[in-house]
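Listed below are the residues making up each chain.
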Amino acid sequence: MTIDKSLKSRKGIVRARNVLTRAEQIEKLQAMDRWTDDVSPIGLPKVRVYKVVVKKKKKKEKTEEGDTAAPKKTAKK
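Because the structure is a prediction, the values reported are computed rather than measured.

Trainee: Help me out: how do you make sense of the overall build of the chain in this one?
Mentor: Regarding its fold elements, the chain presents 1 helix and 0 strands. Put simply, the chain has 77 residues, and 8% of those count as buried. A sequence separation of at least 24 residues applies to 17% of the contacts in the chain between residues at least 6 apart. Of the roughly 8800 Å² that the chain leaves accessible, carbon and sulfur atoms contribute 52%.

Trainee: Please clarify how the nonpolar core should be interpreted in this entry.
Mentor: Formed by Leu-20, Ile-26, Leu-29, Trp-35, Leu-44 and Val-47, the largest nonpolar core amounts to 6 residues. Ignoring sequence-local partners within four residues, the contact set of Leu-20 consists of Gln-25, Lys-28, Val-47 and Val-49.

Trainee: Got a minute to help me understand the environment of Val-19 in this structure?
Mentor: Mapped onto the fold, Val-19 is located in the segment before helix 1 (22-31). A relative accessible area of 56% places Val-19 in the exposed class. Once the C-alpha coordinates of Val-19 and Arg-48 are considered, the two residues, 29 residues apart in sequence, prove to be 9.4 Å apart.

Trainee: Honestly, the environment of Lys-51 in this entry has me stumped. Any pointers?
Mentor: The residue Lys-51 is located in the segment after helix 1 in this model. Note: C-alpha distance between Lys-51 and Arg-17 (34 residues apart in sequence) is 8.4 Å.

Trainee: Would you mind showing me how to read unusual backbone geometry here?
Mentor: In terms of backbone geometry, most residues other than glycine have negative phi values and most peptide bonds are trans. Backbone geometry places Asp-33, a non-glycine residue, at a positive phi of 60 degrees. The topology assignment puts Asp-33 in the segment after helix 1.

Trainee: What exactly am I supposed to notice about the environment of Val-52 here?
Mentor: Along the chain, Val-52 turns up in the segment after helix 1. Spatially, the C-alpha atom of Val-52 lies 9.8 Å from that of Arg-15, the residues being 37 residues apart in sequence.

What counts and how
- Residues numbered from 1 in each chain as written.
- Predicted model: local features only at pLDDT ≥ 70, side-chain atom pairs only at ≥ 80, totals over all residues.
- Heavy atoms only, no water.
- Helix = DSSP H or I, 4+ residues; strand = E, 2+ residues; numbered from the N terminus.
- Buried < 20%, exposed > 50% of the residue type's maximum accessible area, 1.4 Å probe, protein only.
- Contact = heavy atoms within 4.5 Å.
- Areas by Shrake-Rupley, 256 points an atom, 1.4 Å probe, with all protein chains shown as cover.
- Core = buried A, V, L, I, M, F, W, Y, C linked by side-chain atoms within 4.5 Å.

Structure, rendered in structure tokens:
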């Protein structure tokens, strides 16, 4: 059974994945120097997956005099 195209996401998965494929695990183990070619790819050791958090930059508004202005407040309805 297929998924209707209106329900599909266009960019794929957006959130962080917590499970890696076997190939991704081997790549990470090679980067950490914990992988040799004589080891079986079945029963791999666990590999930690780190979440990447992007912090938003604070915007500073400056007036013509060079002073920093207070952020604008919006009225709640």
